[in-house]
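One letter stands for each residue in the lines below.
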Amino acid sequence: RQERDIDYALYEREFKRRIKRAIKVLTPITNEAVCGLNFYRGRGKKPELKANEKLKLILIHQLFGKSNRMMSNALLLFSLMTSIDTSYKTIERLYSDLETEAALFNLLILILKKKGVIEIDSCGDGTGYSLFISKHYLSEVNKLKDKVKEQDKDEKKAFVYKFALMDIKTRMYVCYGTSLKSEKDAFNKAMIMLKKLDISLKSIRLDRYYSNPCDVKRFPGVKVYIIPKKNAGLGHGDEWLNTMKSFVEDTLNYIEEYFQRVNSETGWAQDKKILGWKVAQRRLDRIDTALFCRLIWHDLFYLN
């Protein structure tokens, strides 16, 4: 089969255009995301940064991929642009700051609303981000296959798993979950987040790791596209029966729909190219916030 020619020059131009547009819209959209948020604070020292400054700072930190100490020094160079000057400890605390977490969630809802994401044909996939420079997730996947998607509770954690659900039409992520335990645990958290959003699914595409009757049952009334395992049988309810029936009776069209899941794999590749394949944070709540920021950047790249 002849390989399709790739115009790398066009790819790079499009790549730069998306980044420039995302950075250009960052200030107005972060201001809009926090304008309706009010936080109760008791007695004590007031925060050094406003909510919109916190939101902008944590997103910039993830985009540049620098350590907290390096980032605080780098802020001196563009403090005239951001009007933000703070210490590296303040930056690290942002990753466990409840106000910042609320602002990020509000920003995600705002982005999806601006793009008109309401009822979607979706695809979902998981990936891993390294917590150590010596471990690369893709290399481990090639060696261990699906075994790498789970970590023993007694072992030192090498990866954090992230599952994200994408709207195929807009290429935007609508929800996500993270876990130090397994990709399936991250998937479960993503589904919990989906219930909090005013977004419904028309269809969903998942890889063989989720080709189980119990996973298909989670989506009543939704068209599910999975590749059945060799030992797949019937007798697991209507949702599973309808999925198997579609696979057998209209295999070619079914496979064509299923392989739109490649959008998720492409999304992970783009995200890691721009934002990196490892996470510097160590606490689970801060790891989760860091990966939430990367999801926000991905959606910002596709906003215009």
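This text follows the structure it describes.
All figures in this text were calculated on a predicted structure; none of them were measured in a lab.

Notes on the packing of aromatic side chains
One pass over the structure, following the stated rule, counts 10 aromatic pairs. Measuring from centroid to centroid gives 5.6 Å for Phe-163 and Tyr-210, while their planes differ by 70°, and the two rings are edge-to-face. With Phe-163 in strand 2 (residues 159–167) and Tyr-210 in the loop between strand 4 (200–205) and helix 8 (213–216), the pair connects residues that are 47 residues apart, well separated along the chain. Taking relative accessible area as the criterion, Tyr-210 reaches 0% and is therefore assigned buried. Centre to centre, the rings of Tyr-258 and Phe-259 are 5.1 Å apart; their planes meet at 80°, and the pair counts as edge-to-face. By relative accessible area, which is 4% here, Tyr-258 ends up buried. Among the aromatic residues, those joined into a cluster by ring pairs are Phe-163, Phe-187, Tyr-209 and Tyr-210. Lying across the ring of Tyr-209, Lys-184 places its NZ or CZ 5.6 Å from the centre.

Concerning the nonpolar core
Core analysis: the biggest nonpolar cluster contains 82 residues, and Leu-59 and Leu-300 have the highest contact counts within it. Here the element with the most residues in this core is helix 12 (residues 284–301); it accounts for 10 residues.

Description of the side chain of Thr-170
Checked against the element boundaries, Thr-170 lands in the loop between strand 2 and strand 3 (172–179). We classify Thr-170 as buried; its relative accessible area is 12%. A distance of 2.7 Å separates polar atoms of two side chains, one belonging to Thr-170 and the other to Asp-167. When sequence neighbours within four positions are dropped, the list of residues in contact with Thr-170 reads Lys-115, Val-117 and Tyr-302.

Basis of the calculations
- Residues numbered from 1 in each chain as written.
- Predicted model: local features only at pLDDT ≥ 70, side-chain atom pairs only at ≥ 80, totals over all residues.
- Heavy atoms only, no water.
- Phe/Tyr/Trp six-rings, centres within 6.5 Å; stacked < 30°, edge-to-face > 60°.
- Helix = DSSP H or I, 4+ residues; strand = E, 2+ residues; numbered from the N terminus.
- Buried < 20%, exposed > 50% of the residue type's maximum accessible area, 1.4 Å probe, protein only.
- Lys NZ or Arg CZ within 6 Å of the ring centre and 35° of its normal.
- Core = buried A, V, L, I, M, F, W, Y, C linked by side-chain atoms within 4.5 Å.
- Polar contact = N/O pair within 3.5 Å; in protein donor to acceptor, adjacent residues only side chain to side chain.
- Contact = heavy atoms within 4.5 Å.

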